Amino acid sequence: MAYRLMAVLLLLPAMAWAQDADPEQADSAVDAAPAPILRDLDLIDAEAQNDALALDDIPDSEIPTNDTDIDDLFDRAQLAYATGDFETALTLARTAAAAGHSQAATLAGLMHEEAQIADASDVTAARWYRRAASQGEPVGNYRLGRMAQEDRAGLARAEARGFFLRAAQAGHVPAMLAYALVLKASPVPQDAPLAIEWAERAASQGDVEAMFQLAQMYDSWEGGPQEPAAARQWYVAAANANHAEAALQAGLMLANGEGGEADPEAAFDYIRQSAEAGFAPAMGQYGLMLLNGWNGREPDTVSAVEWFAQGAVGGDAESRFLYAVALAGGYGVERDLVRAYYWTLMAEYEMDGALSHNVDRDRLQAALENDLTASETEQVRAQIAAYRAR
């Protein structure tokens, strides 16, 4: 995605501009979605689904009838799940579910969905979730929505909207945000205000990602109301809850005086917070602040270039360009035209794969190609091709 840039001038001579990282380092982050919270849900009755399927293959003699015994089974199932004993957890959860415990049905579905037990099956997971949802358990609907979005268990993506709505209406906060994002993606204009309404419901209940997404809706969404003050308010709220990307956006709005008066010190703090949290685009911006001596500070070229380097390794095109500039001119780092050329080429694309459209980068590339030998440029291009082919 595109980020606003700080309104500052880069204090480097015309020839030089950028940051460092080993091209062999490319971590692939794998999102391990946390298991849904299965306890202490404030359940609100929702319309039951009619497609719940019977999954009771447990002998009647083994199914408890006393509510206390059923709750105890579920507690034991959760303990087994928490300790990694998934087979025991499944047995206990299925028994409690057969006795009518809706959250136990969700837990059984989760272990199938996450392939944590033998003979795991998406279809079986969906059947358990449907059973839970038919009893008004919102997490079952929420997980069905997620599976629908991923085209799993034969569910259609169009079904996700209904699943999320039912879970949201039942008070499930993550579902409120998920439903809001489905509405945001809808081509129907009437869905736009509903998207903001549901995102605000989730944000108002402390969901940090909802705060950030709501800020985005007020900020850069074409279908949104374009209200900078509201965007800034929610970016700040999310940043205060340690959302790294929100901290960058909050900092840049405060630096540029968007959505309210400029606050240079708060801007510096938020952008530093984002950079120190590991958000690559913030690293380049924080480096610029250090380089330019933001708000009366002593310029620190060496630290600035170190931040450019970290942002470059993290994949930020602006940081890569800034690091290339520094390498080309020997600013805060030993001059190295070959490495400068490498990072100049790496800066051609944004983190999302889009072209960066940076005219200064194009000029730097041309200047470096004029200074390097054909063998040097060919070797660097081969490195870039190998990196992008991975």
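Refer to the structure presented above.
Residues numbered from 1 in each chain as written. Predicted model: local features only at pLDDT ≥ 70, side-chain atom pairs only at ≥ 80, totals over all residues. Heavy atoms only, no water.

Participant: Would you take a moment to explain the overall build of the chain for this structure?
Facilitator: What the chain contains, in helices and strands, is 18 helices and 0 strands. Going through the 390 residues of the chain one by one, you find that 49% of them count as buried. For the chain, restricting intrachain contacts to residue pairs at least 6 apart in sequence, the fraction spanning at least 24 positions comes to 61%. (Helix = DSSP H or I, 4+ residues; strand = E, 2+ residues; numbered from the N terminus. Buried < 20%, exposed > 50% of the residue type's maximum accessible area, 1.4 Å probe, protein only. Contact = heavy atoms within 4.5 Å.)

Participant: Explanation requested: the environment of Ala266 in the structure shown.
Facilitator: Its place among the elements puts Ala266 in helix α12 (residues 264-276). Between the C-alpha atom of Ala266 and that of Leu254, which follows or precedes it by 12 residues, the distance is 7.0 Å.

Participant: Could you clarify how one ought to interpret helix α3 (residues 102-113) in this entry?
Facilitator: Since the α-helix turns once every 3.6 residues, residues separated by three or four places project in the same direction. The terminal C-alpha atoms of α3, which comprises 12 residues, lie 17 Å apart, in line with the 16 Å expected from a rise of 1.5 Å per residue. Most of α3 is tucked away: 12 of the 12 residues are buried. Positioned one or two residues after α3, Ala115 has a phi angle of 55°, which is positive. (Expected span 1.5 Å × (residues − 1).)

Participant: Help me understand the pattern of salt bridges in this model?
Facilitator: Once the charged atoms of two side chains with opposite charge are near each other, the side chains can pair. By the definition in use, this model includes 13 salt bridges. The shortest N-O distance in the salt bridge between Glu150 and Arg152 comes to 3.2 Å. Salt bridges linked by common partners bring Glu113, Glu114, Asp122, Arg143, Glu150 and Arg152 together as one network. (Salt bridge = Lys/Arg side-chain N within 4 Å of Asp/Glu carboxyl O.)

Participant: What exactly am I supposed to notice about the environment of Trp343 here?
Facilitator: Secondary-structure assignment places Trp343 in helix α16 (residues 337-346). Residue classification places Trp343 among the buried residues on the basis of a relative accessible area of 3%. Along the backbone, Trp343 and Gln365 are 22 residues apart, and their C-alpha atoms lie at a distance of 9.7 Å.

Participant: Teacher, can you tell me more about the environment of Ala210 here?
Facilitator: Relative to the assigned elements, Ala210 resides in helix α9 (residues 208-219). On the accessibility criterion, Ala210 (0% relative accessible area) is buried. Each C-alpha atom of the pair Ala210 and Leu181 lies 9.6 Å from the other, and the pair is 29 residues apart in sequence. Ignoring anything within four residues of it in the chain, the contact list for Ala210 reads Leu177, Ala199, Ala202 and Ala203.

Participant: I tried to follow the side chain of Asp219 on my own but got confused; where do I start?
Facilitator: The residue Asp219 is located in helix α9 in this model. A distance of 2.8 Å separates the side chain of Asp219 from the side chain of Tyr235, its partner in a polar contact. (Polar contact = N/O pair within 3.5 Å; in protein donor to acceptor, adjacent residues only side chain to side chain.)

Participant: Before we go on, may I ask you to explain unusual backbone geometry in this structure?
Facilitator: Residues apart from glycine generally show negative phi values, whereas peptide bonds are mostly found in trans. Despite not being glycine, Gln226 shows a phi value in the positive range, around 55°. For Gln226, the location among the structural elements is in the loop between α9 and α10 (228-240). Residue classification places Gln226 among the partly exposed residues on the basis of a relative accessible area of 42%. Positive phi, normally seen in glycine, also occurs at His357, with a value near 55°.

Participant: Explain the packing of aromatic side chains here, please?
Facilitator: For the structure on display, the rule yields 8 aromatic pairs. Both rings, one in Tyr142 and one in Phe164, keep their centres 5.8 Å apart while their planes meet at 45°; by these two values the pair is tilted. With Tyr142 in helix α5 (residues 138-149) and Phe164 in helix α6 (residues 160-169), this pair connects stretches of sequence that are 22 residues apart. Members of the aromatic cluster, each reached through a chain of ring pairs, are Phe268, Tyr286 and Trp307. Its guanidinium or amino end placed over the ring of Trp198, Arg201 lies 4.0 Å from that ring's centre, counting from NZ or CZ. Between the NZ or CZ atom of Arg297 and the centre of the ring of Phe268, over which it lies, the distance is 3.7 Å. (Phe/Tyr/Trp six-rings, centres within 6.5 Å; stacked < 30°, edge-to-face > 60°. Lys NZ or Arg CZ within 6 Å of the ring centre and 35° of its normal.)

By themselves, these observations are geometric and do not establish any function.
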